[in-house]
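# Notes for the structure review
The residues making up each chain are set out below.
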Amino acid sequence: MRNLLLLLFFSISYFASAQQDSIQKPKEYSFVIQDSPSQLFTMRQMNQTYLSGSRLLARALYTSCKSEHTADLIQVGLQALILMPLTHEEGHRSILTGNNIGSISQPYMNKYGAAYVKGVTDKTLKDLRDNDLPTYIRIHTGGLESDYMLTKRVEEIGSFEQDDYRNYKWEYWVRKFAILQYYVSGLFKFDIDLKEEKNELERDIVGYDTYGAIRHLHRPTMEFYRYTKYSDLTKEEKNDVKKAGYLSLLNIVNPMMFGKQNFKLNENTRLNCGLGYTMAPFGDFIDENIWIKYKAINIGVYARQFQNRSSLFNAFGLSLNEFHLIEKVSISMAGHFWQQPNNFDFNTSDYFTGGAIDGDLRYFFMSKRNNGIKGFSIDFGCIYKTKGFLPEELYINEHLGFRIGTTLIL
């Protein structure tokens, strides 16, 4: 699967580069070839590689189609039917794979209109629930976590003017709508008509993501079954579902939802800001994001409030994005700090502190051609994190990871 996806994205890259407008300002498209752990795609690897590929696909469509409306329609169809389910289910699958649990991603709609991750026995899932509840909750929320981080990556690209708005607008809008659909449906007592398949290996690992996660946070020792209906929830659980539905509306609080990448403060400075919300292995969190572009310096800042049943825990982060030390060398750095509940417990008010530092170094080989690929890089990345949940990173315990990739300039 990895090699096929990379071949697809590089083929798209070549097509886009061959057809591009020579006047267009060069853009960078990054791909992660190998990540830690080296088991299929990690969530970061899938998200970064996919997003570069989808932007290149959009770029190629706008260049090749006779009408921009045709390119729009093709993208909406691909996003809704193929691409969004693919990455969402890979988010679920990556958590299982990172914990050495084999599974099969089936990201195409079945007769019920649902995409699955399957191939896991009830015993395996029940043992995970009973012995590692945070990871069990995260296999419910991993798809939404992946969707959320993809939109946050798009917001960074747009705020720093690293691509044309039209090359990511449908990816952004369709995915934002999909996130809202999961959460907001709980405001309308939405129920799903799914019956667990007779063959347990054919069943989806968790059923409806938000209902299952909230039920198990509140009642982790109750009778095991996968597909949670709205009618299965207690009054308190239904209140949490409604709370998540209302808070998810924060995801539309960003000027990019309305076609505005950033605001011009002066000739050298651009600013954008926005809010975000999604679930965590012990509850949920809210983000307040600020992106500042000053000449060639791109800075991102966020404040984050984690929440379990009744307590808040603070976090924040600071990043420097794609800063060129010299023409052929660029770096990106990010630092994170957090407070999170002890043992990732849903009920405690006690907490621990932790953090992470993440960096990328890229060395570019430049071409003298005016058309086509203007350059590419070899990318080296490294992350060290202490114990704690960091969205898009697979391990919630201490981890040191390395990655390698490439970036195309087109």
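Everything below is about the structure shown above.
The structure contained in this document is the topic of the report that follows. (Residues numbered from 1 in each chain as written. Predicted model: local features only at pLDDT ≥ 70, side-chain atom pairs only at ≥ 80, totals over all residues. Heavy atoms only, no water.)

### Examining the overall build of the protein
A tally of regular secondary structure across the protein gives eight helices and 12 strands. Over its C-alpha trace the protein gives a radius of gyration of 21 Å, about what one expects of a compact globule, namely 22 Å for 410 residues. Overall, the protein is about 65 × 45 × 40 Å in size when its C-alpha atoms are taken along their principal axes. Buried positions account for 57% of the 410 residues belonging to the protein. Put simply, of all contacts in the protein between residues at least 6 apart along the chain, 63% involve residues at least 24 apart. With an accessible surface of roughly 17800 Å², the protein has 60% of that area assigned to carbon and sulfur atoms. (Helix = DSSP H or I, 4+ residues; strand = E, 2+ residues; numbered from the N terminus. Rg over C-alpha atoms; globule rule 2.2 N^0.38 Å. Buried < 20%, exposed > 50% of the residue type's maximum accessible area, 1.4 Å probe, protein only. Contact = heavy atoms within 4.5 Å. Areas by Shrake-Rupley, 256 points an atom, 1.4 Å probe, with all protein chains shown as cover.)

### A look at the nonpolar core
Of all hydrophobic cores here, the largest spans 22 residues; its most connected members are Tyr183, Tyr211, Val241 and Met279. For this core, the secondary-structure elements that each account for two or more residues are helix H5 (133-159), helix H6 (169-184), helix H7 (209-218), helix H8 (235-247) and strand E5 (269-280). When residues in this core are grouped by element, the largest group, four residues, is from H7. Setting aside its immediate chain neighbours within four residues, Val241 contacts Tyr183, Gly186, Tyr211, Ile214, Tyr230 and Leu233. Counting residues in each nonpolar core, the second largest holds 16 residues, with Phe313, Trp338, Phe389 and Ile396 among its members. (Core = buried A, V, L, I, M, F, W, Y, C linked by side-chain atoms within 4.5 Å.)

### With respect to the sheet that holds strand E10 (residues 351-366)
Strand pairs in the sheet, formed through backbone hydrogen bonds, run parallel or antiparallel to each other. Across the sheet, which stays open at both edges, the 10 strands sit in the order E1-E12-E11-E10-E9-E8-E7-E6-E5-E4 with antiparallel pairing between neighbours. Across the chains shown, the open sheet's two edge strands, defined by having one partner strand only, are strand E1 (28-34) and strand E4 (263-264). In this structure, strand E6 (residues 283-294) lies alongside strand E7 (residues 297-307), joined through 11 bridges in antiparallel fashion. Bridged to Phe285 within E7 is Phe306. In the packing of H5 onto the sheet, contacts are made with E5, E6, E7 and strand E8 (312-326), and the angle to E6 comes to roughly 15 degrees. Packing of H8 onto the sheet brings it into contact with E5, E6 and E7, and relative to E6 it is tilted by some 10 degrees. (Pairing = 2+ DSSP bridges. Axes fitted to C-alpha atoms, helices over the stretch in contact; angles between N-to-C directions.)

### So, unusual backbone geometry
Along the chain, Ser36 connects to Pro37 via a cis peptide bond; the corresponding omega equals 0 degrees. Along the polypeptide, Pro37 turns up in the loop between E1 and helix H2 (43-64). At Lys189, a residue that is not glycine, the phi angle is positive and equals roughly 55 degrees. Relative to the elements of secondary structure, Lys189 occurs in the loop between H6 and H7. The exposed category is assigned to Lys189, whose relative accessible area is 58%.

### Topic: the packing of aromatic side chains
Overall, the coordinates contain 19 aromatic pairs when judged by the stated rule. Plain terms: the ring middles of Phe344 and Phe352 are 5.6 Å apart, the flat faces sit at 85 degrees to each other, and that makes the pair edge-to-face. Assessed through its relative accessible area of 7%, Phe344 is described here as buried. In textbook terms, an aromatic cluster arises when at least three aromatic residues are bridged by ring pairs, as seen for Tyr148, Phe282, Phe285, Phe306, Phe344, Phe352 and Phe389. Geometry around Tyr225 places Arg215 over its ring, the cationic atom sitting 4.0 Å from the centre. Here Lys387 stacks its cationic end above the ring of Phe352, 5.4 Å away from the centre of that ring. (Phe/Tyr/Trp six-rings, centres within 6.5 Å; stacked < 30°, edge-to-face > 60°. Lys NZ or Arg CZ within 6 Å of the ring centre and 35° of its normal.)

Read these as geometric descriptors, not functional statements.
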